[in-house]
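Per-entry structural report
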Amino acid sequence: MKGLEMIWKRKRKKGLKMFTVCLSLCLALLQVQTVCAMTVYMSDGEAYEEGYIFVGESHVGLLARAIGDWTNAEGDVSGLSGVRFLYQEDGSMSVLENGKPNTMYMKGNLFFVFEGWSGGNDLAVQTNKTYIYSDGQGNRGRGVERVHEIMDMNPNIRHWNIVCYQGTAASALENGANLGKYYVDSYRNWIEYEFPEADIYFLSHSTMTKYYRSNKEKNSINNALAAAFPERYLDYMNFFQERYPQGMADPLERSDTLHWSNETYIGLFTDIIQRIQQNRESHNNIVEVAVTDAEAVLYTNDNTIIYSVPDWNGEVLFAELETGLPIHVTGVTDNGFFRIDLGEITAYIHGVGLSEAWEEQMAN
């Protein structure tokens, strides 16, 4: 009996020791575990003609905070008409390792898509190029999913304007000219598949700062977006250049090799929103034209430009197309445009941009 008792005590002691080791490891893991941010998008129930979504990384996070401080008690953004942003941070669902709030609430008609402040997993997710990925068949990055979530949560907003500012980290850290193509391919699927009814814009990355000096291909994304989407590309390189390096050296604001001052972010945001609103006003002021229904198949040529509306000043959807592509025509306007069917999108091509037969292309 004594022998059995001694064996049991030794095993019990060994078991307690192993349990203590396991408990210590678990506690250690809990201490270093990255706590993911929680972002809650809500609707305030008000009816809005226009909604605005900014998608990105730390720049967009800092922009959200700056604009959150640039509103009145009702959430109206100072100096802008028709833009409301109610923003709150607390620790109700997530906190940082230092105990600071990591839960963000947004509502109104302005939203920001980023992944919080904790670094670790949040940082890895929001800075990876897959954040904006779309293959046009339902496979989406987290950033795309969040935009859909915002839209689904806010059916009270009639029309959406999306500003993409993701890729700042990729522009500095990933070499290769193909990086730009990756963004163009995904964003084309945003336009054609994910958000065909929205106006989508692409903001230039401020690659003149120290953060980008080691990458010779730092403008791969900028150059590719400017070439692929000239009507949607928002070139703010001069805007940033005018504020560098003074804006980053402001001791009252952030001071590092990448981010800007609150004043710069507010100025950038204000200018972008005003440009979007001017574009929308021009779009809405286009004179309506009569359309006669028609059914035909015509073909693209060297002059083909696809517009969102039957007007030379309308938004350009596609500017460079292969010649000889068949186009399904569904109508003819009284100002010389053909209404065309692009699946889920109705668009327009002026008569000079379509030919009757492929043989006509060869003759020219």
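The structure under discussion appears in the preceding block.
One structure accompanies this document, and this report is about it. (Residues numbered from 1 in each chain as written. Predicted model: local features only at pLDDT ≥ 70, side-chain atom pairs only at ≥ 80, totals over all residues. Heavy atoms only, no water.)

Before going further, it helps to spend a moment on the sheet that holds strand β3 (residues 85–95). Taken in spatial order, the three strands line up as β1-β4-β3 in an open sheet, and their pairing is mixed. With one partner strand each, in any of the chains shown, β1 (38–41) and β3 form the two edges of the open sheet. For this sheet, the mean inter-axis angle between neighbouring strands, taken without regard to orientation, is 20°. Where β1 and strand β4 (residues 101–108) come together, four bridges link them in parallel fashion. Along β4, the bridge assignment pairs T39 with M104. (Pairing = 2+ DSSP bridges. Helix = DSSP H or I, 4+ residues; strand = E, 2+ residues; numbered from the N terminus. Axes fitted to C-alpha atoms, helices over the stretch in contact; angles between N-to-C directions.)

What follows deals with the layout of surface pockets. Computed from the structure, the largest pocket encloses a volume of approximately 390 Å³. Lining the largest pocket are 19 residues, with Y201, E231, N279, G314 and E315 sitting closest to its centre. Those elements that provide at least two residues to the lining of the largest pocket are β7 (199–203), β8 (233–234) and α9 (262–284). Here the lining of the largest pocket gets five residues from one element, more than from any other, and that element is α9. Residues that form the lining of the largest pocket fall into these classes: eight nonpolar, five polar and six charged. The space that makes up the second largest pocket amounts to roughly 320 Å³. (1 Å grid on protein atoms, 1.4 Å probe; cavity = no way out; pocket = protein on both sides within 12 Å on 5 of 7 lines; lining within 4 Å. Points joined across faces, edges and corners; volume = space filled by probe spheres on them. Nonpolar A, V, L, I, M, F, W, Y, C, P; charged D, E, K, R; others polar.)

Each pair of packed helices can be described by the angle between their axes along with the distance between the axes. Running from N to C, helix α6 (residues 178–194) and helix α7 (residues 220–228) cross one another at 45°; their axes reach a closest spacing of 7 Å. Between α6 and α7, the interaxial angle falls into the category oblique. Here α6 and α7 pass one another in a crossing that is right-handed. Across from L179, G180, K181, Y183, V184, Y187 and R188 in α6, the residues of α7 making contact are S220, I221, A224, L225 and A228. Looking at the contact of α6 with α7 residue by residue, the classes come out as eight nonpolar, two polar and two charged. (Parallel < 35°, antiparallel > 145°, perpendicular 65-115°, else oblique. Left-handed = near helix turned anticlockwise from the far one by under 90°. Contact = heavy atoms within 4.5 Å.)

In this section: α6. In this model, α6 (17 residues) spans 23 Å end to end at C-alpha, consistent with the 24 Å of a helix rising 1.5 Å per residue. Along α6, the residues that are buried comprise L179, G180, Y182, Y183, V184, S186, Y187, N189, W190, I191 and E194. (Expected span 1.5 Å × (residues − 1). Buried < 20%, exposed > 50% of the residue type's maximum accessible area, 1.4 Å probe, protein only.)

Tallied over the full model, the rule gives 13 salt bridges. Among the salt bridges present, the one from R84 reaches D76, with a minimum N-O distance of 3.1 Å. For R84, a relative accessible area of 23% corresponds to the partly exposed category. A residue is classified by how much of its surface remains accessible, and D76, at 27% relative accessible area, is partly exposed. (Salt bridge = Lys/Arg side-chain N within 4 Å of Asp/Glu carboxyl O.)

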